[in-house]
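Remarks on the overall topology
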Amino acid sequence: MELQSQHFREKAADALADSAAVAQRDKIAQFTPIIRDAAMQEFGSFEALRKHIKRIRQHSLDNLDYYLARFELEATNNGNQVHYADTPDEMNSIVLDICQQHGAHRVAKGKSMVTEETALNDYLQRGGLEVVETDLGEYIIQQAGETPSHIVAPALHKSKQEIRELFLEKHALGERALETTEDLVDEARSVLRETFLKADVGIIGSNALIAENGYSMLVTNEGNGDLCANLPSVLIICTTLDRILPRGEDATAMQRLLARSTTGQAQTSYTSFYSGPRREGELDGPLETHIVLLDNQRTDILASDYKEMLQCIRCGTCLNHCPVFAATGGHSYGWVYSGPMGSILTPLLTSLETSEALPNACTSCGRCGEVCPADIPLPDLLRDLRHEQYQQKMTAPRWRVGLKLHAWLAVRPSLYQFLTAMLTTVLHRLGRKKGSFSQLPFAAGWTSVRDFPAPQSGTFMQQYKARTKADE
Amino acid sequence: MSSESRSRIMAKVRGASRGQGAAAIESELAGMGVAPTAPLPHEDTCIAFMANVLRNHGTLDIAGNRSEAVKLIGQYIYQHFRSHRLVAGNDPHLAAMPWRDGGVLPRFGEVEPGEPVALSYAQWGVAETGATVFLTGKSNPSRNNLLPERHLVLLDVNNLLPDLESLWRQIEPTIEAGSRPRGIQCIAGPSSTADIEAQLVHGAHGPRGWHIILTGGATHEQLQTARAIVACDDTLGGS
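Residues numbered from 1 in each chain as written. Chains lettered and ligands numbered in written order. Predicted model: local features only at pLDDT ≥ 70, side-chain atom pairs only at ≥ 80, totals over all residues. Heavy atoms only, no water.

1. Brief notes about the overall build of chain B
- For chain B, the count of helices and strands is 8 helices and 12 strands.
- Taken over the C-alpha atoms alone, chain B extends approximately 65 × 45 × 45 Å along its principal axes.
- Sorting the 239 residues of chain B into buried and exposed places 54% on the buried side.
- The contacts of chain B with a sequence gap of at least 6 include a subset with a gap of at least 24, amounting to 71%.
- As displayed, chain B offers around 9700 Å² of accessible surface, 50% of which is attributable to carbon and sulfur atoms. (Helix = DSSP H or I, 4+ residues; strand = E, 2+ residues; numbered from the N terminus. Buried < 20%, exposed > 50% of the residue type's maximum accessible area, 1.4 Å probe, protein only. Contact = heavy atoms within 4.5 Å. Areas by Shrake-Rupley, 256 points an atom, 1.4 Å probe, with all protein chains shown as cover.)

Next comes the structure, spelled out in structure tokens:
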């Protein structure tokens, strides 16, 4: 997928101007935390589960050499061919080679953010293959020529009416109403059923790779990933090194966390573990299975201060709780990953320079860190990226001057208190009548979209001192 | 190309890892204990399982014996498809059913496109999540669980497990003995999607209906209790 993160500000401004889309995002931002909170409360010891998974993930990453070698051995013994890809291009090339070796024409794909990262569909299509996304959301955006707006629900930005028009335009199935959501799902079902049955190759991702037995875990509600994994004669699992977990029970424990965080379910409709190709005498299943492990900077992240980001389980919880994501939508982020996790991953997987706006697309509210089921300190990592930008002189000169001035003042508390008290008093007096300012020097970014409230009285420190004195 | 990449990637991974020996790593992992499991909605594992199946939008029947199970299967198929035909995997538990008792005409093998209903034998059920578990392979073609309009599942209540950890304890001896099942499928509901305006719709790609026939001693009273638990959830605005 082509990187557009350098245009975050323009895309965010466009997104904010679309009032219907803003209303739709507001609705989603309200209900997704509710279902997650209900599932968390019903579970009871959610925090203990979160800490347990964090310890297991950290242990896996600390000993990834051991677990990766173990997984490779077990997966190979299970009959898989394991491939390694340093770069997105290398992964694409490996997948295309496999398809060509089998004379494949049609590919059925399950949802995979890794293959969005490598732009696999475009690559395979250029190689002459017909590639069909089979997750309903992914199918919708593929038909519309768009990119995912959310890692879990890629087409939530589209209304029912838009999808109806899209299907009527793209599917030559004659006259039909497609009035209800059920009609639309049925329409996609009937079209995609043919895809599953005719596909030569199935491509899926993986939620976890289990080192002790070489199995790959796939979690879905639609069952499309399982159809891709079982019907075509060749299966290719495109995934990354950081998905490795030591044991089967670690994968199901993580699933406990993932399903509740994403959809509020105890378990999704389908949680499958695949070991390898069809055995002698079996009636179905792929004849050949490949696992392609992509690095794409992840080993650099593993050796860096951002290592904790590799604990991410791709649940979308941080997106669902982020006020910036809710306001601007996933497309503004300009790449595969959006929201807080995207604002960290995109610079790490591409470059901090081209995605410079993303670590700054943050109100520092800290909600993402509070809700992350993998307990990743997302606000800290975002701040570290901003700090790196400052150190590398990527931050605009006026901001650098402002930050320097603030840092100088912050370590001089008396002067700081004096100046803020003075400023508060002046603003309080000037804004007393109206209660707010529609224009303020040095604050045009704020006042261009909303009024700045006039301070009610003195600063916190002034009030604190006054009350302490009164108590004495 | 891939082998060079493998060497490069492995070298970088080794450089970033702690370099501990296998014994130390396994000992550290063992010391991390086990993950907390979800509380069951009832202390009776069977009731808890049934309640979770209902929460997962599944349906249930209780059969006192194999003959009754076949009759219930026959009624279900006739009610939905005005037919007596179904496809069943080659599992010996299914082959041994008294099919004539229910007037059911089974075909053993894998589901073909257009065949609307399949019956699978679930190896286990998991009370914690209301999932049925299938070891796919010779006896259980995976497409039988995925392609039909309606998926029927035969499950013995004596094979109910409390949680997902217990499931791995059941499967691990098979894996360690070298006969790894090709696939382990945990199915906890009909195929579903909420990709269009977050509205839940069943039958996205796979079965629209997921119906479990419990054998081995489950009672209608237990099912009533499970239904009451779910009704209480609905009243309280829960799941």
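2. Topic: the domain arrangement of chain A
- The domains assigned to chain A are domain 1 (45-299), domain 2 (303-397) and domain 3 (413-471).
- Taking only C-alpha atoms into account, the centre of domain 1 of chain A sits 53 Å from that of domain 3 of chain A. (Domains from an automatic or database assignment.)

3. Examining helix α5 (residues 88-101) of chain A
- Taking 1.5 Å of rise per residue, 14 residues should cover 20 Å, and α5 of chain A covers 20 Å from first to last C-alpha, within 8% of that figure.
- Taken together, the buried positions of α5 of chain A are occupied by Glu-90, Met-91, Asn-92, Ser-93, Ile-94, Val-95, Leu-96, Ile-98 and Cys-99 of chain A. (Expected span 1.5 Å × (residues − 1).)

4. Observations regarding the packing of aromatic side chains
- Counted by the stated rule, this structure contains 10 aromatic pairs over all chains.
- On the numbers, 6.0 Å between centres and 55° between planes, the contact of Tyr-139 of chain A with Phe-167 of chain A is tilted. Placement of the pair is Tyr-139 of chain A in helix α8 (residues 136-144) and Phe-167 of chain A in helix α9 (residues 160-170), with a sequence separation of 28 residues. A single burial state applies to Tyr-139 of chain A and to Phe-167 of chain A, both of which are buried.
- With 6.5 Å between their ring centres and 65° between their planes, Trp-99 of chain B and Phe-108 of chain B make a pair best called edge-to-face.
- Through successive ring pairs, a cluster of aromatic residues spans Phe-8, Phe-325 and Tyr-333 of chain A.
- Sitting over the face of the ring of Tyr-390 of chain A, Arg-400 of chain A holds its NZ or CZ atom 4.3 Å from the ring centroid.
- Over the ring of Trp-446 of chain A we find Arg-450 of chain A; its NZ or CZ atom is 4.3 Å from the centre of that ring. (Phe/Tyr/Trp six-rings, centres within 6.5 Å; stacked < 30°, edge-to-face > 60°. Lys NZ or Arg CZ within 6 Å of the ring centre and 35° of its normal.)

5. A closer look at helix α1 (residues 2-16) of chain B
- Look at α1 of chain B: 21 Å from first C-alpha to last across 15 residues, which is about the 21 Å you get at 1.5 Å a residue.
- Those residues of α1 of chain B that fall on the buried side of the exposure criterion are Ser-5, Ile-9, Met-10, Val-13 and Ala-16 of chain B. In an axial view of α1 of chain B, the angular spread of the buried residues amounts to 130°, which keeps them on one side of the axis. Of the residues in α1 of chain B, the exposed ones pointing more than 90 degrees away from the buried face are Ser-3, Glu-4, Arg-14 and Gly-15 of chain B.
- Where α1 of chain B is buried, its residues meet α4 (64-77), β1 (81-85), α5 and α13 (298-302) of chain A. (Arc of directions from axis to C-beta.)

6. So, the packing of α9 of chain A against helix α10 (residues 181-198) of chain A
Residue and element names in this part refer to chain A.
- For the pair α9 and α10, interaxial distance at closest approach is 11 Å and the crossing angle is 35°. As α9 runs across α10, the sense of the crossing is left-handed. Contacts from Lys-160, Ile-163, Arg-164 and Phe-167 in α9 reach Thr-181, Leu-184, Glu-187 and Ala-188 in α10.
- Tallied by class, the residues present in the contact of α9 with α10 amount to 4 nonpolar, 1 polar and 3 charged. (Axes fitted to C-alpha atoms, helices over the stretch in contact; angles between N-to-C directions. Left-handed = near helix turned anticlockwise from the far one by under 90°. Nonpolar A, V, L, I, M, F, W, Y, C, P; charged D, E, K, R; others polar.)

7. Some points on the sheet that holds strand β6 (residues 131-136) of chain B
- What the 8 strands build is an open sheet, ordered β8(A)-β5(A)-β6(A)-β9(A)-β9(B)-β6(B)-β5(B)-β8(B); its pairing is mixed. Of all strands in the sheet, those bounded by a partner on one side alone are β8 (244-245) of chain A together with β8 (160-161) of chain B.
- The pairing of strand β9 (residues 270-274) of chain A with strand β9 (residues 183-187) of chain B spans 5 bridges and is classified as antiparallel. Counterpart to Tyr-270 of chain A in the pairing with β9 of chain B is Ile-187 of chain B. (Pairing = 2+ DSSP bridges.)

8. Focus: the packing of α4 of chain A against helix α2 (residues 22-30) of chain B
- At a closest axis distance of 11 Å, the pairing of α4 of chain A and α2 of chain B adopts a crossing angle of 95°. As summarised for this structure, α4 of chain A and α2 of chain B are arranged roughly perpendicular, according to the angle between their axes. Residues Tyr-66, Tyr-67 and Arg-70 of chain A of α4 of chain A lie in contact with α2 of chain B, whose contacting residues are Ala-22, Ile-25, Glu-26 and Leu-29 of chain B. (Parallel < 35°, antiparallel > 145°, perpendicular 65-115°, else oblique.)

9. Some remarks on a nonpolar patch on the surface
Residues and elements named next belong to chain A.
- Together, Leu-405, Trp-408, Leu-415, Phe-418, Leu-419, Met-422, Val-426 and Leu-430 give the surface a local cluster of nonpolar side chains, amounting to about 780 Å² of exposed area.
- Looking at the nonpolar patch, the elements with two or more residues in it are α19 (397-410) and α20 (413-430).
- Of the residues forming the nonpolar patch, the biggest block, 6 residues, is contributed by α20.
- Within the secondary structure layout, Trp-408 lies in helix α19. (Patch = residues over 30% accessible without salt bridge, like charges linked within 9 Å, V, L, I, M, F, W, Y side chains within 5 Å. Salt bridge = Lys/Arg side-chain N within 4 Å of Asp/Glu carboxyl O.)

10. Examining the sheet that holds strand β4 (residues 201-204) of chain A
Residue and element names in this part refer to chain A.
- In space, the 6 strands of this open sheet follow the order β1-β10-β7-β4-β2-β3, with parallel pairing throughout. Strand pairing shows two members of the sheet lacking a second neighbour, β1 and β3 (130-133), which therefore form its edges. Averaged over all pairs of adjacent strands, the angle between strand axes in this sheet comes to 20°, irrespective of strand direction.

11. Side note on the pairing of strand β1 (residues 59-62) of chain B
Residues and elements named next belong to chain B.
- The two faces of β1 differ: Leu-60 and Ile-62 on one face are buried, but Thr-59 and Asp-61 on the other face are not.
- One ladder, built from 4 bridges, connects β1 with strand β12 (residues 209-215); its direction is parallel. Bridge pairing in β12 links Leu-60 to Ile-212.

12. Describing the nonpolar core
- Of all hydrophobic cores here, the largest spans 154 residues; its most connected members are Met-309 of chain A together with Leu-214 of chain B.
- In contact with Met-309 of chain A, not counting residues within four places along its chain, are Met-341, Ile-344, Leu-345, Leu-348, Ile-376, Leu-378 and Leu-381 of chain A.
- Of all hydrophobic cores here, the second largest spans 21 residues; its members include Val-95, Cys-99, Val-107 and Val-292 of chain A. (Core = buried A, V, L, I, M, F, W, Y, C linked by side-chain atoms within 4.5 Å.)

13. Details of the interface of chain A and chain B
- Contacts between chain A and chain B engage 102 residues on the former and 80 residues on the latter.
- Taking both partners together, chain A and chain B bury about 7600 Å²; carbon and sulfur atoms supply 54% of that area.
- Remark: the boundary between chain A and chain B carries 13 salt bridges.
- One salt bridge in this structure joins Arg-182 of chain B and Asp-284 of chain A, with 3.4 Å as the shortest N-O distance. (Buried area = accessible area lost by both parts, 1.4 Å probe.)

14. Considerations on the layout of surface pockets
All names here are of chain A.
- Roughly 2500 Å³ of volume is contained in the largest pocket.
- As for the largest pocket, its lining consists of 44 residues, of which Arg-398, Trp-399, Gly-402, Phe-442 and Ala-443 are closest to the centre.
- Mapped by element, the contributors of at least two residues to the lining of the largest pocket are α1 (8-17), α18 (378-391), α19, α20 and α21 (444-447).
- It is α19 that contributes the most residues to the lining of the largest pocket, 9 residues altogether.
- Partitioning the lining of the largest pocket into residue classes produces 26 nonpolar, 11 polar and 7 charged. (1 Å grid on protein atoms, 1.4 Å probe; cavity = no way out; pocket = protein on both sides within 12 Å on 5 of 7 lines; lining within 4 Å. Points joined across faces, edges and corners; volume = space filled by probe spheres on them.)

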